[in-house]
Amino acid sequence: MTSLAQSAVVALGLVASAPVLSADAGIPARIRVLKGSRQGPPGVPPGLRDLEHQLSHTAYVRWEEARVLETTMEFKKPVMVSLPDGWQVVVTLLESRKDTATYEVLVPSTRTQSRLTIPKDKRIVQQVTPERGGDAYFVTIRPWP
Amino acid sequence: MKDCATYAPMIGARPGELTPDEEARLHEHLAGCDACQGRLADLEATGGMLVEALSRAASRRDFATFADEVMARIPANAWKPEGAPKGVLESLKAFFGRHRVLAIASALAPALAAAALYLFIDRPGMPAETALPGVEVASETLEPIVLDTSDGPIILMSDSDGT
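Let me begin by describing the structure that accompanies this report. Because the structure is a prediction, the values reported are computed rather than measured.

Overview of the overall build of chain A
Helix and strand content of chain A: 2 helices and 8 strands. Ordering the α and β elements of chain A from the N terminus gives α-β-α-β-β-β-β-β-β-β. Counting all 145 residues of chain A, 39% fall into the buried class. Partitioning the intrachain contacts of chain A with sequence separation of at least 6 by distance along the chain shows that 49% fall at a separation of at least 24. When the accessible surface of chain A is split by element, carbon and sulfur atoms take 56% of a total near 7,400 Å².

And the structure:
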């Protein structure tokens, strides 16, 4: 009974600690800034084909890839992403488990904060600027691209 | 005699129930009909006896102490001068003293309602309650809308005025 209890404690410790990777490790990520427009000829550039289905759910018909940032993100170290119109988005890798990564996305201009947990095979697209003249900017993060 | 069937029911009529014409015809009939005169006499006698009996019964009762007796039946603490508190607190205290469970439930209900509001209402600056796990969005200026797709969620931010 004692050994069973000890095993349970050890197993619990492993379960609790193993999935969360070390803060030193960091994980590769591709951060893309997209511009969506309601007007203009519909179109998604080749670089955004993997997002086409997802983007088709919005009212924006014309998409452009405004910026791409390939980086290995370290835990709790913010990465500044500048948008073409001067806005800043701060992306921070908070934690990672076996198949998911959790990011914090801050947009100081709109005082917006997101906490997004992204599975390996999924992408989250987030609008980061309010719509102006039918255009808006979006950010998408893909861990382990 | 056949007129008696018409006039007999009118004999006991109260003032105003008969038209002047009916009254005139009834008087005319009574003047010539002994049977109906007898009925009228019986009715008057019965009415007189009833009034007399009621008067006698009433006079046997002394109403001089009536008001005092009524006031004596009212509990002393049930009456307050005008403008004074109506004793609501005392009544509630007594009521909840008898119904403790109800008292506790009454006290907890507002607290639970406030807690529910705190937990379930979207508050500016607090994480928005989204139906999707792993997506929390909070904004002080924009309204998040989360669309779920098979490839992953897409988060749209609209101005608070809906634009």
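A closer look at the side chain of Asp 151 of chain B
With respect to the element layout, Asp 151 of chain B can be found in the loop between strand 2 (142-147) and strand 3 (154-159). Once residues lying within four places of it in the same chain are set aside, the contact partners of Asp 151 of chain B are Asp 50, His 53, Gln 54, Lys 122 and Arg 123 of chain A.

Quick word on the packing of aromatic side chains
Think of a pair of aromatic rings as described by two things: how far the centres are apart, and how the planes are tilted against each other in angle. Residue and element names in this part refer to chain A. Here the structure, examined in full by the defined rule, presents 3 aromatic pairs over all chains. With a centroid separation of 5.4 Å and 80 degrees between ring planes, the pair formed by Tyr 60 and Phe 138 is classed as edge-to-face. Residue Tyr 60 is found in the loop between helix 2 (52-55) and strand 2 (62-73), and its partner Phe 138 is found in strand 8 (residues 135-143); the two are separated by 78 residues along the sequence. An identical accessibility class is assigned to Tyr 60 and Phe 138; each is buried. Through a chain of ring-to-ring contacts, three or more aromatic side chains come together here, namely Tyr 60, Trp 63 and Phe 138. Lying over the aromatic face of Tyr 60, Arg 38 brings its terminal NZ or CZ to 5.0 Å of the ring centre. Positioned over the ring face of Trp 144 is Lys 120, at 5.1 Å from the centre of the ring.

Notes on the side chain of Ser 114 of chain A
Within the fold, Ser 114 of chain A resides in strand 6 (residues 112-119). The class of Ser 114 of chain A is buried, set by a relative accessible area of 1%. A distance of 2.8 Å separates a polar atom in the side chain of Ser 114 of chain A from a polar atom in the side chain of Gln 126 of chain A. Among all residues touching Ser 114 of chain A, those that are not within four sequence positions of it are Tyr 103, Glu 104, Val 105 and Gln 126 of chain A together with Glu 136 and Val 137 of chain B.

Side note on the interface of chain A and chain B
Each partner contributes residues to the interface: chain A has 23 residues there, and chain B has 20 residues. Buried surface at the junction of chain A and chain B, summed over both partners, amounts to about 1,900 Å²; 52% is from carbon and sulfur atoms. Of all residues in chain A, Gln 54, Arg 111 and Gln 127 of chain A give up the largest surface area on contact with chain B, accounting jointly for 24% of the area buried on that side. Close ionic contact of Asp 159 of chain B with Arg 132 of chain A constitutes a salt bridge, the shortest N to O distance being 3.4 Å. Counting across the chain A and chain B interface gives 17 residue pairs in polar contact (both at pLDDT 80 or more). For the side of chain A that touches chain B, the secondary-structure elements that each account for two or more residues are helix 2, strand 6 and strand 7 (124-127) of chain A. Among the elements that take part in the side of chain A that touches chain B, strand 6 of chain A stands out by supplying 6 residues, more than any other. Class assignment of the residues belonging to the side of chain A that touches chain B gives a composition of 6 nonpolar, 11 polar and 6 charged.

A word on the packing of helix 2 (residues 20-32) of chain B against helix 3 (residues 34-60) of chain B
Residue and element names in this part refer to chain B. Between helix 2 and helix 3, the shortest axis-to-axis distance is 6 Å and the interhelical angle comes to 105 degrees. One way to sum up the angle between helix 2 and helix 3 is to call them roughly perpendicular. Only Asp 34, Cys 36, Gln 37 and Leu 40 of helix 3 make contact with helix 2, whose side of the interface consists of His 29, Leu 30, Ala 31 and Gly 32. Residue classes in the contact of helix 2 with helix 3 are distributed as 4 nonpolar, 3 polar and 1 charged.

Looking at the sheet that holds strand 3 (residues 79-82) of chain A
Reading across the sheet, the 5 strands line up as 3(A)-4(A)-5(A)-6(A)-1(B) and stay open at both edges, with antiparallel pairing between neighbours. Looking along the sheet, the strands with just one partner apiece sit at the ends: strand 3 of chain A together with strand 1 (135-139) of chain B. Going across the sheet, the axis of each strand differs from the next one's by a mean of 20 degrees, ignoring polarity.

What about the pattern of salt bridges?
Residues and elements named next belong to chain A. Scanning the model with the defined rule gives 13 salt bridges over all chains in all. Here Arg 30 makes a salt bridge to Glu 70, at a shortest N to O gap of 3.0 Å. With Arg 30 in strand 1 (residues 27-37) and Glu 70 in strand 2, this pair connects stretches of sequence that are 40 residues apart. What emerges from the salt-bridge pattern is a single network uniting Arg 32, Asp 50, Arg 123 and Arg 142.

A look at unusual backbone geometry
Residue and element names in this part refer to chain A. Despite not being glycine, Lys 76 shows a phi value in the positive range, around 65 degrees. As for its placement among the helices and strands, Lys 76 is situated in the loop between strand 2 and strand 3. Unusually for a residue other than glycine, Arg 111 sits at a positive phi of about 50 degrees. With respect to the element layout, Arg 111 can be found in the loop between strand 5 (100-107) and strand 6. Take Arg 111: its relative accessible area is 47%, and that puts it in the partly exposed class.

Parameters at a glance
Every chain is numbered independently, its residues counted from 1 as its sequence is written. A letter from A marks each chain and a number from 1 marks each ligand, given out in the order of writing. Only residues with pLDDT of at least 70 are given local features in this predicted model, and only at 80 or more are side-chain atom pairs given and counted; all residues enter the totals for whole chains, interfaces and linings. Only hydrogens and water are set aside when side-chain values are computed; all heavy atoms of the structure are taken into account. In this description a helix means any DSSP run of H or I spanning at least four residues, a strand means any run of E spanning at least two, and both kinds are numbered starting from the N terminus. Only protein chains enter the accessibility calculation, which uses a 1.4 Å probe; a residue is then buried when its area is under 20% of its type maximum, exposed when over 50%, and partly exposed in between. Here a residue-residue contact requires only that any non-hydrogen atoms of the pair lie within 4.5 Å. Each accessible area value is a Shrake-Rupley result obtained with a 1.4 Å probe; residue values ignore everything except the protein chains displayed when judging cover. Pairs were defined over the aromatic rings of Phe, Tyr and Trp, the Trp ring being its six-membered one, requiring ring centres within 6.5 Å. Orientation was assigned from the angle between planes: stacked under 30 degrees, edge-to-face over 60, tilted for the rest. The rule is short: NZ of Lys or CZ of Arg within 6 Å of the ring centre and within 35 degrees of the ring normal puts a charge over the ring. A 3.5 Å cut-off defines polar contacts: any pair of N or O atoms within that distance qualifies, except that in protein one atom must be a possible hydrogen donor and the other a possible acceptor, and neighbouring residues in sequence count only when both atoms are side-chain atoms. Here's the idea: put two parts together, see how much 1.4 Å probe accessible area each one loses, and the total over both is what we call buried area. Any Lys or Arg side-chain nitrogen found within 4 Å of a carboxyl oxygen on Asp or Glu counts as a salt bridge. Lys, Arg, Asp and Glu make up the charged group, whereas Ala, Val, Leu, Ile, Met, Phe, Trp, Tyr, Cys and Pro make up the nonpolar group; the residues left over, Gly among them, are polar. Helix axes use the C-alpha atoms of the stretch in contact, all axes being lines fitted to C-alpha atoms, and the angles between their N-to-C directions lie in the range 0 to 180 degrees. Our angle categories are set so that under 35 degrees counts as roughly parallel, over 145 as roughly antiparallel, 65 to 115 as roughly perpendicular, and the remainder as oblique. In this scheme, strands are said to pair when DSSP sees at least two bridges between them.

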